[in-house]
Amino acid sequence: MNLLKVENVSMIFGGLTAVKEFNLDLNQGEIVALIGPNGAGKTTAFNMITGVYRPTIGRISYKGNDITGQRPDQITKQGIARTFQNIRLFKDLTVLDNVLIANHLHLKSNFLEATFKLPRYRREEKRILEKSLSLLEKVGLVDAQNEKSSSLPYGKQRRLEIARALATNPEILLLDEPAAGMNPKETDDLTEFIRQIRDEFHLSIFMIEHHMQVVMGISDRICVFDHGVTIAEGNPYEIQNNQKVIEAYLGVAEDYA
Amino acid sequence: MKQKKTLLTVISIVVLFLGVYLADQNLDSYKMRILNLCAIYVVLGLSMNLINGFTGLFSLGHAGFMAVGAYTTAILTMPDVVKGQNFFMVPMMKPLDTMHVPFFLALLIGGIFAGIVGYLIGAPALRLRGDYLAIATLGFAEIIRVVFTNIQSVTNGALGLKGIPESSNIWWTVGVATVTVLFIGSLINSSYGRAFKAIREDEIAAESMGISLFKHKVLAFTIGAFFAGVGGGLLGSLMGTIDPLMFRFFLTFNILLIIILGGMGSITGTIISAFIITIGGEALRFLDESMTIGNLVIPGISGLRMVVFSALLMIVVLFFNRGIMGTNEFTWDRLFAKFGKKPLAKGGSKQ
Ligand SMILES: Nc1ncnc2c1ncn2[C@@H]1O[C@H](COP(=O)(O)OP(=O)(O)OP(=O)(O)O)[C@@H](O)[C@H]1O
Ligand SMILES: [Mg+2]
C-alpha cells in the first residue's frame, strides 16, 4: 500500500536549485534510502516532506491527502516523524523528558486539566510515562533516563532521537544520517535496530545515509541524488552497478583525496 | 511517598502562613510594606519567567499587562464618592462610575482582562522571533500606557487614580503568591510545561515533534499576562494610587532583573531573587537621597539606584548568566538527597 507520494517536487533557493523534480513512492513496510554526495539536496528533500520548507513546485501526499506546505507539527501529527542530521535533542532536558515531550501532540487534556492534575490528565500522564519508559528500554537508555540528554555519548544521542521520534506514533520514519558519528560496532547494531523497529512499530522508513554497509544491508530501494537531480533509483544491486552512481561517487572520492 | 511529599508541602504552607501571622503582629508598617512588595514581585517574576524563562520568548510587555490589571482592579473597587473626587476634569464613563465588585473578583477580572490583552497582542506578535518580539511587545506595552493616558473618562488620564481602597494586605499578597507558585509550578511540571521547555530548547525540533509553536506560545503568553494583571492589581491596591507613568519600561526592567538574577526557568530562583531585589532596592534607596559624609553634603542624584541596578544586571549577565538557580528547582527529593537520606521516588514535587 502506498503511504507517501512525492510528485515532481523542486526546491529553489534564490538561484540554486537544491532539489529538482524529485519523485518518490514509499510503500507500507519499505525501507528506502536516499544517498548522494555532500550538498546533493538530501536533507532539503526531508525538509520538504516534513514541512520545514514549502516546496517551490510539486506535490506531496500522505495516504492520499495533500500535505504540501503544511506545518511540521501538522505533518508529524498525521504520522510522519523524523530525526536530524545534526542531532537536535532538547539538550538541557533529561533523556526521559525528551521522550515524554514527543507524546504531547496526542494529549487530550487541556492545560487546566493538566495543571490541576484532573483524572483524565493523570490517566494520560501515566500512560505516557509507561510508554516512554518502554521506548527507552527498547533503545537501551532506560538507565540513563534522568541524565541530561547532552551528556550522552554520540551514538546514544542518535538512539534517543529515534526513540523520541517513535514516541509520536509515526507510520513513516525519516532518518537523516543515523549512522553519522557512530563507531563500527554501533553501526552494525544500528542496521539490526532499524529493521527491528520497522517490524515492531509497523513503520515505513526513508533514510539518508552515507554509510554504504548500512544502506546496502537494509534498503529495499535506493534513490541517488547528485546536485539535486535524481540520477538513479533501484535496488541495492542495481545501484551498485550503475555507471552514473559510480561516477558521482568517484567524483566525491577525488574531492576527499 | 507521593503523599508524604504532598504532606510536606502542605505543612510548609501552614508554616509560611504562621510566619506571616507573626510578621503581621510584630513588624512595623514599613517592613510589612516591603514584605508585601516581595510577595507581589514573586507573582510578577513568575509570570514573566513563564513567558521568558520557561518558554524562551523574549517579551518585554509586562508593564502593559500590569497596567491593565491595576486599572481594572482599581476601577472595580473604588467607591463612587472617591471616583467622583478623582474624575473632576472629565466625568467618569457610565456605568463604570457606579460599578464595584469585591476585591477578589476585581483582581480576577483584572487578570482576565490582562490575559485577553495578552492574547490579542500575542497572536500577531508571537509570529516574530527573538529581538523582533522584544521590540514589538515593548511597543505594545507603551501603546497601552499611551491609551490609558488618553482615555480620561475611564482612567482619569495622566492624573491617575488616587484613593484606591487598600484592600491588599499581607494575607492577600502572600496568598496570591502561594497560589501562583503552586499553579505555575504544577503547569510547568505537566505535559504543557514540557512542551514550553521544548520550544525554549529548540523550536525546530519541538515543531517536528508535533508541538504547535503558535498555540503553545500564545498559551504561555496569555497565562503569563493573566498573572501579570493580578500582580498589577495587587500592586495598585497596595500603593493606593496609580498613574500611567508607573507602568513605564522601568517596571518591566525590574522584573526582568528578578528573573535573570534568579535564573531563567527556575521558580525557586525567582522567589529568592524577588526578595533580594525588592529588599535590596529598598536598602539602596539612600543612593537617591542626599548624603552627608563628614562636612561634605552630596546632593541626591535621583536615578543612581537605577544605575546600580543596571550595573548589577550587567554583572549577572556577563559572569553568572545562569543566575542563582539556573534552571534548577528546590524539590523535597533534593533536600533529602542533601541530608543523606534515601531519596524518594523520582519526579520531585514543587514548592
Ligand atoms: N535554507 C537554505 N537556503 C539556501 N540554501 C540552502 C538552504 N538549505 C540548503 N541549501 C543548499 O541546498 C543544497 C543542498 O543542501 P542539503 O543540506 O539538502 O544537502 P545534503 O544532501 O543533505 O548534504 P549533506 O550530505 O552535506 O548533508 C546545498 O548547496 C545547501 O547549501
Ligand atoms: Mg544533509
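Structural notes, computed from the coordinates. Because the structure is predicted, anything quoted here is derived from the model rather than measured.

## Let's talk about the overall build of chain A
Okay, step 1: Scanning chain A from N- to C-terminus turns up 10 helices and 10 strands.
Okay, step 2: Over its C-alpha trace chain A gives a radius of gyration of 19 Å, about what one expects of a compact globule, namely 18 Å for 257 residues.
Okay, step 3: Out of the 257 residues in chain A, the part that is buried amounts to 52%.
Okay, step 4: When the accessible surface of chain A is totalled, it reaches about 11400 Å², and 50% of it is carbon and sulfur.
Okay, step 5: On chain A, the mean spot of the 30 positive side-chain charges and the mean spot of the 33 negative ones are 8 Å from each other.

## Describing the packing of aromatic side chains
Okay, step 1: The final tally for this structure, using the stated rule, is 15 aromatic pairs over all chains.
Okay, step 2: With centroids separated by 5.3 Å and ring planes inclined at 80 degrees, the aromatic side chains of F13 of chain A and Y53 of chain A adopt a geometry described as edge-to-face. In this pair, F13 of chain A sits in strand β1 (residues 2–13) while Y53 of chain A sits in the loop between α1 (42–49) and β4 (57–62), placing the two residues 40 residues apart along the sequence.
Okay, step 3: Its relative accessible area of 31% is what places Y53 of chain A among the partly exposed residues.
Okay, step 4: Measuring from ring centre to ring centre gives 5.4 Å for F183 of chain B and F227 of chain B, while their planes differ by 55 degrees; the resulting arrangement is tilted. Here the residue F183 of chain B occupies a position in helix α8 (residues 170–188), and F227 of chain B occupies one in helix α11 (residues 213–239), the gap between them amounting to 44 residues.
Okay, step 5: Residue F183 of chain B is classed as buried on the basis of its relative accessible area, which comes to 14%.
Okay, step 6: Judged by its relative accessible area of 6%, F227 of chain B is buried.
Okay, step 7: Ring pairing ties together the aromatic residues F22, F46, F206 and F225 of chain A, which thus form one cluster.
Okay, step 8: Over the ring of F84 of chain A we find R88 of chain A, and its NZ or CZ is 5.7 Å from the ring centre.
Okay, step 9: When the ring centre of F214 of chain B is taken as origin, the NZ or CZ atom of R127 of chain B, which lies over that ring, is 4.1 Å away.

## A look at the pairing of strand β10 (residues 229–234) of chain A
Residues and elements named next belong to chain A.
Okay, step 1: In the sheet, strand β9 (residues 221–226) pairs with β10 via 5 bridges, with the strands oriented antiparallel. Following the sheet pairing, V224 is matched in β10 by A232.
Okay, step 2: In this antiparallel pair of consecutive strands, β9 and β10, the connection spans 2 residues, and H227 shows a positive phi of 50 degrees.

## A look at the interface of chain B and chain A
Many structure descriptions define interface size as the accessible area lost when the parts assemble.
Okay, step 1: Contacts between chain B and chain A engage 28 residues on the former and 35 residues on the latter.
Okay, step 2: Together, Y192, R194 and M209 of chain B form the three largest contributors to the area buried by chain B at its contact with chain A, with a combined 26%.
Okay, step 3: Of the charged contacts in the structure, one is a salt bridge between R88 of chain A and D202 of chain B, with a shortest N-O distance of 2.7 Å.
Okay, step 4: Linking chain B with chain A are 12 residue pairs in polar contact (both at pLDDT 80 or more), by the criterion used here.
Okay, step 5: Sorting the residues of the side of chain B that touches chain A by element identifies α8, α9 (191–201), α10 (203–208) and α11 of chain B as the ones contributing at least two each.
Okay, step 6: If one sorts the elements of the side of chain B that touches chain A by residue count, α9 of chain B sits on top with 8 residues.
Okay, step 7: For the side of chain B that touches chain A, a count of residues per class yields 12 nonpolar, 8 polar and 8 charged.

## Things to note about helix α1 (residues 2–26) of chain B
Okay, step 1: The terminal C-alpha atoms of α1 of chain B, which comprises 25 residues, lie 36 Å apart, in line with the 36 Å expected from a rise of 1.5 Å per residue.
Okay, step 2: Of the residues making up α1 of chain B, those classed as buried are K5, T9, I13, V20 and A23 of chain B.

## Things to note about the nonpolar core
Okay, step 1: Core analysis: the biggest nonpolar cluster contains 145 residues, and L173 and M207 of chain A together with L161 and F247 of chain B have the highest contact counts within it.
Okay, step 2: Beyond its immediate stretch of four places on either side in the chain, L173 of chain A contacts A81, I162, A165, L166, I197, L203, S204, I205 and F206 of chain A.
Okay, step 3: Among the nonpolar cores identified, the runner-up in size contains 27 residues, and V19, F46, M48 and I60 of chain A belong to it.

## Focus: the site of ligand 1
Residues and elements named next belong to chain A.
Okay, step 1: Not every one of the 14 residues close to ligand 1 is listed here, only the nearest: G39, K42, T43, T44 and Q85.
Okay, step 2: In this structure, an oxygen atom belonging to ligand 1 sits 2.8 Å away from a main-chain N or O atom of G39.
Okay, step 3: For ligand 1, an oxygen atom lies 2.5 Å from a polar atom in the side chain of T44.
Okay, step 4: Starting from 630 Å² of accessible surface for ligand 1 in isolation, the protein chains cover 64%.
Okay, step 5: Where the shell around ligand 1 is concerned, the elements lending two or more residues are β2 (16–27) and α1.
Okay, step 6: In terms of residue count, the dominant contributor to the shell around ligand 1 is α1 (3 residues).
Okay, step 7: For the shell around ligand 1, the per-class residue count stands at 5 nonpolar, 7 polar and 2 charged.

## Observations concerning the coordination of the magnesium ion (ligand 2)
Residues and elements named next belong to chain A.
Okay, step 1: Here the magnesium ion (ligand 2) is held by the protein donor atoms T43 (OG1) and Q85 (OE1), which lie 1.9 to 2.1 Å from it. With T43 in helix α1 and Q85 in the loop between β6 (80–82) and α3 (95–101), the pair connects residues that are 42 residues apart, well separated along the chain.
Okay, step 2: Look at Q85 and you get partly exposed, because its relative accessible area is 29%.

## Observations concerning the packing of helix α3 (residues 62–77) of chain B against helix α12 (residues 249–262) of chain B
Residue and element names in this part refer to chain B.
Okay, step 1: At a closest axis distance of 7 Å, the pairing of α3 and α12 adopts a crossing angle of 110 degrees. By the angle between their directions, the pair α3 and α12 is classed as roughly perpendicular. Crossing of α3 against α12: the hand is right-handed. Residues H62, A63 and M66 of α3 form the contact with α12, whose participating residues are L251, T252 and I255.
Okay, step 2: Considering only residue class, the contact of α3 with α12 consists of 4 nonpolar, 2 polar and no charged.

## Let's talk about the pattern of salt bridges
Okay, step 1: For the structure shown, the criterion picks out 23 salt bridges over all chains.
Okay, step 2: E201 of chain B is paired through a salt bridge with R200 of chain B; the nearest N and O atoms lie 3.4 Å apart.
Okay, step 3: Judged by relative accessible area, E201 of chain B falls into the partly exposed class, the value being 23%.
Okay, step 4: Take R200 of chain B: its relative accessible area is 22%, and that puts it in the partly exposed class.
Okay, step 5: Among the charged side chains, a salt-bridge network with shared partners connects E30, R221 and E233 of chain A.

## Some thoughts on the side chain of E282 of chain B
Okay, step 1: With respect to the secondary-structure elements, E282 of chain B resides in helix α13 (residues 267–283).
Okay, step 2: Dropping the residues within four chain positions of it, E282 of chain B is found in contact with Y30, I34 and L37 of chain B.

The rules behind each value
Residues numbered from 1 in each chain as written. Chains lettered and ligands numbered in written order. Predicted model: local features only at pLDDT ≥ 70, side-chain atom pairs only at ≥ 80, totals over all residues. Heavy atoms only, no water. Helix = DSSP H or I, 4+ residues; strand = E, 2+ residues; numbered from the N terminus. Rg over C-alpha atoms; globule rule 2.2 N^0.38 Å. Buried < 20%, exposed > 50% of the residue type's maximum accessible area, 1.4 Å probe, protein only. Areas by Shrake-Rupley, 256 points an atom, 1.4 Å probe, with all protein chains shown as cover. Lys, Arg positive; Asp, Glu negative; His and termini not counted. Charge placed at Lys NZ, Arg CZ, Asp CG, Glu CD. Phe/Tyr/Trp six-rings, centres within 6.5 Å; stacked < 30°, edge-to-face > 60°. Lys NZ or Arg CZ within 6 Å of the ring centre and 35° of its normal. Pairing = 2+ DSSP bridges. Contact = heavy atoms within 4.5 Å. Buried area = accessible area lost by both parts, 1.4 Å probe. Salt bridge = Lys/Arg side-chain N within 4 Å of Asp/Glu carboxyl O. Polar contact = N/O pair within 3.5 Å; in protein donor to acceptor, adjacent residues only side chain to side chain. Nonpolar A, V, L, I, M, F, W, Y, C, P; charged D, E, K, R; others polar. Expected span 1.5 Å × (residues − 1). Core = buried A, V, L, I, M, F, W, Y, C linked by side-chain atoms within 4.5 Å. Near = heavy atom within 4 Å. Donors = N, O, S within 2.8 Å, 3.2 Å for Na, K, Ca; no water. Axes fitted to C-alpha atoms, helices over the stretch in contact; angles between N-to-C directions. Parallel < 35°, antiparallel > 145°, perpendicular 65-115°, else oblique. Left-handed = near helix turned anticlockwise from the far one by under 90°.

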